[in-house]
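The residues making up each chain are set out below.
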Amino acid sequence: MKVEFYGHVRQYQNIQKEIDANMQEVLLSGNYVQGPMLKRFEAELAAYHGTKYAVGLANGTDAIWLALMALGIGKGDEVITNANTFFATAEAIWIADATAVLIDCDPVTKCIDPAKIEAAITPKTKAIIPVHLYGQCADMIAIKKIADKHGLKLIEDNAQAIGASGPGFRIGHLSDVATTSFIIQKNLGTFGDGGALVTNNADVDARVRKLRNHGSNARNVHSFGFNSRLDDLHAGVLSAKLKNIDAWNDNRRQWAARYTAGLQGAKNFTLPTERSGYRHVFHLYVIETKKPEQRDVLLDFLVKNGVDAKTHYSIAIHQQAGYPWGKDARINGSLENAERNAATCISLPMFPELTAEEVDYVIAKVMEWDKANA
Ligand SMILES: *Cc1c(COP(=O)(O)O)cnc(C)c1O
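### So, the domain arrangement of the protein
A common way to report how large an interface is uses the accessible area buried once the components associate.
Piece 1. For the protein, the assigned domains are domain 1 (8-242) and domain 2 (245-372).
Piece 2. A straight line from the C-alpha centre of domain 1 to that of domain 2 covers 24 Å.
Piece 3. In this complex, domain 1 contributes 53 residues to the contact, which on the side of domain 2 involves 45 residues.
Piece 4. Both sides together, the interface formed by domain 1 and domain 2 hides about 4,000 Å², and carbon and sulfur atoms give 53% of it.
Piece 5. Sorting the residues of domain 1 by area buried against domain 2 places W94, Y134 and N187 first, and these three jointly supply 19% of that buried surface.
Piece 6. For the pair domain 1 and domain 2, the number of links is five salt bridges.
Piece 7. Looking at the side of domain 1 that touches domain 2, the elements that each hand over two or more residues are α1 (8-14), α5 (88-95), β3 (99-103), β6 (165-166) and α8 (232-242).
Piece 8. Considering every element that reaches the side of domain 1 that touches domain 2, the biggest residue donor is β3, with five residues.
Piece 9. Taken together, the residues of the side of domain 1 that touches domain 2 break down into 29 nonpolar, 15 polar and nine charged.

### A few points about the side chain of H283
Piece 1. Note on placement: H283 falls in the loop between β10 (269-270) and β11 (285-289).
Piece 2. Ignoring sequence-local partners within four residues, the contact set of H283 consists of Y134, G135, Q160, Q185, K186, N187, R252 and M350.

### Looking at the site of the ligand
Piece 1. The immediate surroundings of the ligand are formed by 14 residues, with G60, T61, D157, S181 and K186 found nearest.
Piece 2. Interatomic distance of 3.1 Å between a side-chain N/O atom of K186 and an oxygen atom of the ligand.

### Digging into the pairing of strand β13 (residues 345-348)
A regular strand places its side chains so that they alternate between the two faces of the sheet.
Piece 1. Of the two faces of β13, both are covered, the one formed by C345 and S347 as well as the one formed by I346 and L348.
Piece 2. Bridge count for β11 against β13 is four bridges, and the pairing is antiparallel. Each residue of the ladder has a partner; that of I287, found in β13, is I346.

### Details of the pattern of salt bridges
Piece 1. Applying the stated criterion across every chain, the model contains 22 salt bridges.
Piece 2. Across the salt bridge formed by D139 and R275, the nearest N and O atoms sit 4.0 Å from each other. Taken together, the residues span a long stretch of sequence, with D139 in the loop between β4 (125-129) and α6 (140-150) and R275 in the loop between β10 and β11 at a distance of 136 residues.
Piece 3. For the salt bridge of R207 with D203, the shortest nitrogen-to-oxygen distance reads 3.1 Å. Within this pair, R207 and its partner D203 are both found in helix α7 (residues 202-211), separated by four residues, close to a single helical turn.
Piece 4. Relative accessible area serves as the criterion here: at 40%, R207 is assigned to the partly exposed category.
Piece 5. By relative accessible area, D203 is classed as partly exposed at 41%.
Piece 6. Counted as one network, the salt bridges with shared partners bring together E42, D205, R209 and R212.

### Digging into a nonpolar patch on the surface
Piece 1. Together, L27, L28, Y32 and V33 make up an exposed nonpolar region whose accessible area comes to about 420 Å².
Piece 2. Looking at where L27 falls in the secondary structure, it is placed in helix α2 (residues 16-29).

### Concerning the packing of aromatic side chains
Piece 1. Under the criterion given, the structure shown has 14 aromatic pairs.
Piece 2. The interplanar angle of 85° and the centroid separation of 6.1 Å between the aromatic rings of Y323 and W325 together place this pair among those described as edge-to-face.
Piece 3. By relative accessible area, which is 39% here, W325 ends up partly exposed.
Piece 4. In textbook terms, an aromatic cluster arises when at least three aromatic residues are bridged by ring pairs, as seen for F87, W94, Y323 and W325.
Piece 5. Directly above the ring of Y278 sits R275, whose terminal nitrogen or CZ lies 4.2 Å from the centroid.
Piece 6. One residue, K310, lies across the ring of F5, its end atom 5.5 Å from the ring centre.

### Observations regarding the packing of helix α9 (residues 245-263) against helix α12 (residues 356-372)
Helix-helix packing is characterised by the crossing angle of the two axes and by the distance between the axes.
Piece 1. Taken N-terminus to C-terminus, the directions of α9 and α12 make an angle of 30°; their axes are 10 Å apart at the nearest point. Of the possible angle classes, the one that applies to α9 and α12 is roughly parallel. Seen from above, α9 lies across α12 with right-handed handedness. Across the interface between the two elements, W255, R258, Y259, G262 and L263 from α9 touch A356, V359, D360, V362, I363, V366 and M367 from α12.
Piece 2. Across the contact of α9 with α12, the residue classes break down as nine nonpolar, one polar and two charged.

### Thoughts on the sheet that holds strand β1 (residues 53-57)
Piece 1. A sheet is described by the order of its strands in space; here eight strands give the open sequence β1-β9-β8-β5-β4-β2-β3-β12, paired in mixed fashion. A single partner strand is all that each edge strand has here, and the edge strands are β1 and β12 (329-331). Going from strand to strand, the sheet's axes swing by 20° on average, the running direction of each strand aside.
Piece 2. For strand β8 (residues 177-181) and strand β9 (residues 195-199), the ladder comprises five bridges, and the chain directions are antiparallel. Within β9, the residue paired with V177 across the bridge is T199.

### Details of the sheet that holds β10
Piece 1. With antiparallel pairing, the three strands of this open sheet are ordered in space as β10-β11-β13. Strand pairing shows two members of the sheet lacking a second neighbour, β10 and β13, which therefore form its edges.
Piece 2. Running at roughly 25° to β13, helix α10 (residues 292-304) makes contact with β10, β11 and β13 of the sheet.

Criteria and cut-off values
Residues numbered from 1 in each chain as written. Predicted model: local features only at pLDDT ≥ 70, side-chain atom pairs only at ≥ 80, totals over all residues. Heavy atoms only, no water. Domains from an automatic or database assignment. Contact = heavy atoms within 4.5 Å. Buried area = accessible area lost by both parts, 1.4 Å probe. Salt bridge = Lys/Arg side-chain N within 4 Å of Asp/Glu carboxyl O. Helix = DSSP H or I, 4+ residues; strand = E, 2+ residues; numbered from the N terminus. Nonpolar A, V, L, I, M, F, W, Y, C, P; charged D, E, K, R; others polar. Near = heavy atom within 4 Å. Polar contact = N/O pair within 3.5 Å; in protein donor to acceptor, adjacent residues only side chain to side chain. Buried < 20%, exposed > 50% of the residue type's maximum accessible area, 1.4 Å probe, protein only. Pairing = 2+ DSSP bridges. Patch = residues over 30% accessible without salt bridge, like charges linked within 9 Å, V, L, I, M, F, W, Y side chains within 5 Å. Areas by Shrake-Rupley, 256 points an atom, 1.4 Å probe, with all protein chains shown as cover. Phe/Tyr/Trp six-rings, centres within 6.5 Å; stacked < 30°, edge-to-face > 60°. Lys NZ or Arg CZ within 6 Å of the ring centre and 35° of its normal. Axes fitted to C-alpha atoms, helices over the stretch in contact; angles between N-to-C directions. Parallel < 35°, antiparallel > 145°, perpendicular 65-115°, else oblique. Left-handed = near helix turned anticlockwise from the far one by under 90°.

So this is what it looks like as structure tokens:
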């Protein structure tokens, strides 16, 4: 049996009519850039988050640095995030010309450890970027308390967790801005690249709308800006898909529960957990081998047996060759949890259109390896 890591084509086939209809609507409208479909999707995305504004952008990386720029954060300013994240979180801080301050993650959730944030704050600190890693919302209540106490901005990197929530709050509600990515492999993905931010801050909304369009909101009138628009064709795809995101996330949660039940009792690795009161949307289902030397052995075993397992992310930001490439960066405290995660993580196939047979096959293979290594 072969189990793929993604199910992009299955997902397309499941709602092909709705996606095709939206794309055709755009194609026949004659409006392909900042047209009515983008407007419609932005309204739907804001409504989904329960925020006042949503701005479509070219990708999730731009969403982070444009948020920083719109909040006035740049050269000489420090921005705190966790060292175990997709590279783009730190990259966006550097694109904004700010200083990335890398701290450790919580050993269980892998999200930023709120207990380590205050020690990293200096007079230059301007913002915290918690990452809702793997689909689990970070401890936003604790993080918001710290941000408020020190007068810091909060930007949620929500590229991996659209639809996730915490006890009594949703993503985008306790922060200044929440950013997301619509690259195809994300929980809400288009056939290519896309991104967005949501906010309740009218000023951020207005600034980013200008910044994404060459600093222009009126014909021929410009201030310094960029080109980071979300195409209407992508907006059409995303509008069709957004209607299904909660059901798809429910499917992910169901597969995660099946993995967890099937892998219970394994000796050689730990399983992901959902914090009580939180809705984890399992962008990824990541197990960690107890010993670093086991990781590549298990990964090879799975790949040889047709299971397309991967790692997210086997090299933390500060471990990348050449770090920090002349950019401003600082490591605050030990990064032992982030480093252990990099050395031991394995992501099992996870997408809504998996079948029970596929999930059970993956479980059987992982358990076969576990028993052989008991
Ligand atoms: C995917 C991702 C991004 C970047 O999104 P792009 O659309 O690829 O630019 C940023 N942060 C995290 C945590 C991501 O997973």
